[in-house]
Amino acid sequence: MSKLLIIDNDPIYQTTAQLIINKNMLFDDCISYTDARLALNYLIEHRHHPEALPDVIFLNLNMPGMDGWNFLCQHEDLLPFLAKKIDVFIVTSSVDRKDELRSHAYPFVQGFYSKPLTLKELIDISNFVTATAIKYANLRQLATVSTDSLTGLSNHTKVKKK
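The shown structure was predicted, so the numbers you read here are calculated from the model rather than taken from an experiment.

> Help me understand the packing of helix H2 (residues 36–45) against helix H3 (residues 68–78), please; the structure alone is not making it clear to me.
Angle between the axes and distance between the axes are the two parameters that describe a pair of packed helices. Between H2 and H3, the least distance of the axes is 11 Å, while the angle of their chain directions is 10°. Compared by their axis directions, H2 and H3 come out roughly parallel. Where H2 approaches H3, its residues Ala36, Ala39, Leu40, Leu43 and Ile44 are matched on the opposing element by Phe71, Gln74, His75 and Leu78. Among the residues making up the contact of H2 with H3, the classes are represented as 7 nonpolar, 2 polar and no charged.

Shown next, in the form of structure tokens:
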């Protein structure tokens, strides 16, 4: 199940994006905030609850109050405390190449897009999120199997020593 968080001060863009996403069933759940500080508070409040956290964030850079750059800095500080990995895609009206290059300083930023996102771009992002989720689920399963194997080996070793 994939969850999207849109952080953009333009409610018309939010509504349009949500309609396209829902019509094409690209994400299972979509929440949005017009204020980046409120979105950050949501992440902080739910940091220990992976089911409540989004899998991906669409972030606008140019917003009043806390802009996208400030959000990225705060999000980076929050990363070690989040119950799961969240990928960020910058979706902005900025066409400044410097902004795109600056976004590369944040390893959790997976893409930089100019508004509005096309259906193909939305599908590509949705596919990326799905593939990433499958990869991490497989890694978690492998880690569990490895841990279980080691525990069994340890128990087996203890029995032989007796």
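> Is there a simple way to think about the side chain of lysine 3 in this case?
Assignment of secondary structure puts lysine 3 in strand S1 (residues 3–7). Within the structure, lysine 3 has its side chain in polar contact with the backbone oxygen of alanine 52 (distance 3.0 Å). Apart from residues lying up to four places away in sequence, lysine 3 is in contact with Asp29, Ile31, Tyr42, Glu51, Ala52, Leu53, Pro54, Asp55 and Val56.

> I would appreciate a short explanation of the environment of glutamine 110 in the present structure.
Tracing the backbone through its elements, the reader meets glutamine 110 in strand S5 (residues 109–114). Judged by relative accessible area, glutamine 110 falls into the partly exposed class, the value being 31%. Among all residues touching glutamine 110, those that are not within four sequence positions of it are Lys85, Asp87, Val88, Phe89 and Phe128. A distance of 3.4 Å separates polar atoms of two side chains, one belonging to glutamine 110 and the other to aspartate 87.

> What exactly am I supposed to notice about the packing of aromatic side chains here?
Remark: the centre distance and the inter-plane angle together describe each pair of aromatic rings, the angle taken between the planes. Per the stated rule, a full pass over the model turns up 6 aromatic pairs. Seen from their ring centres, phenylalanine 89 and tyrosine 113 are 6.2 Å apart, and the 40° between their planes marks the pair as tilted. Pair noted here: phenylalanine 89 is in strand S4 (residues 87–92) and tyrosine 113 is in strand S5, with a separation of 24 residues, a long-range link. A relative accessible area of 3% means that phenylalanine 89 is categorised as buried. Linked through ring pairs, Phe27, Phe58, Phe89, Tyr113 and Phe128 together constitute an aromatic cluster. Directly above the ring of tryptophan 69 sits arginine 102, whose terminal nitrogen or CZ lies 4.0 Å from the centroid. Over the aromatic face of tyrosine 13 sits the side chain of lysine 115, whose NZ or CZ is 4.8 Å from the ring centroid.

> Would you take a moment to explain the nonpolar core for this structure?
Burial of nonpolar side chains together is a common tendency in soluble globular proteins. Among the nonpolar cores identified, the biggest contains 26 residues, and Ile7, Leu43, Ile57, Leu59, Phe71 and Leu72 are the most heavily contacted of them. Looking at this core, the elements that each hand over two or more residues are S1, H2, strand S3 (56–59), H3, S4 and S5. Here this core takes 5 residues from H2, the largest share from any one element. In this structure, Ile21, Phe27, Phe58 and Leu117 belong to the second largest nonpolar core, which totals 17 residues.

> Looking at this model, I keep getting lost on the sheet that holds S4. Mind explaining?
Through backbone hydrogen bonds, the strands of a sheet pair up, either in parallel or in antiparallel fashion. Read from one edge of the open sheet, 5 strands run S2-S1-S3-S4-S5, paired in parallel fashion. A strand with exactly one partner marks an edge of an open sheet, and here the two such strands are strand S2 (29–33) and S5. In this sheet, neighbouring strand axes are inclined to one another by 20° on average, regardless of whether the strands run parallel or antiparallel. Taken strand by strand, H2 contacts S1, S2 and S3, and its axis lies near 150° from that of S1.

Rules used throughout
Residues numbered from 1 in each chain as written. Predicted model: local features only at pLDDT ≥ 70, side-chain atom pairs only at ≥ 80, totals over all residues. Heavy atoms only, no water. Axes fitted to C-alpha atoms, helices over the stretch in contact; angles between N-to-C directions. Helix = DSSP H or I, 4+ residues; strand = E, 2+ residues; numbered from the N terminus. Parallel < 35°, antiparallel > 145°, perpendicular 65-115°, else oblique. Contact = heavy atoms within 4.5 Å. Nonpolar A, V, L, I, M, F, W, Y, C, P; charged D, E, K, R; others polar. Polar contact = N/O pair within 3.5 Å; in protein donor to acceptor, adjacent residues only side chain to side chain. Buried < 20%, exposed > 50% of the residue type's maximum accessible area, 1.4 Å probe, protein only. Phe/Tyr/Trp six-rings, centres within 6.5 Å; stacked < 30°, edge-to-face > 60°. Lys NZ or Arg CZ within 6 Å of the ring centre and 35° of its normal. Core = buried A, V, L, I, M, F, W, Y, C linked by side-chain atoms within 4.5 Å. Pairing = 2+ DSSP bridges.

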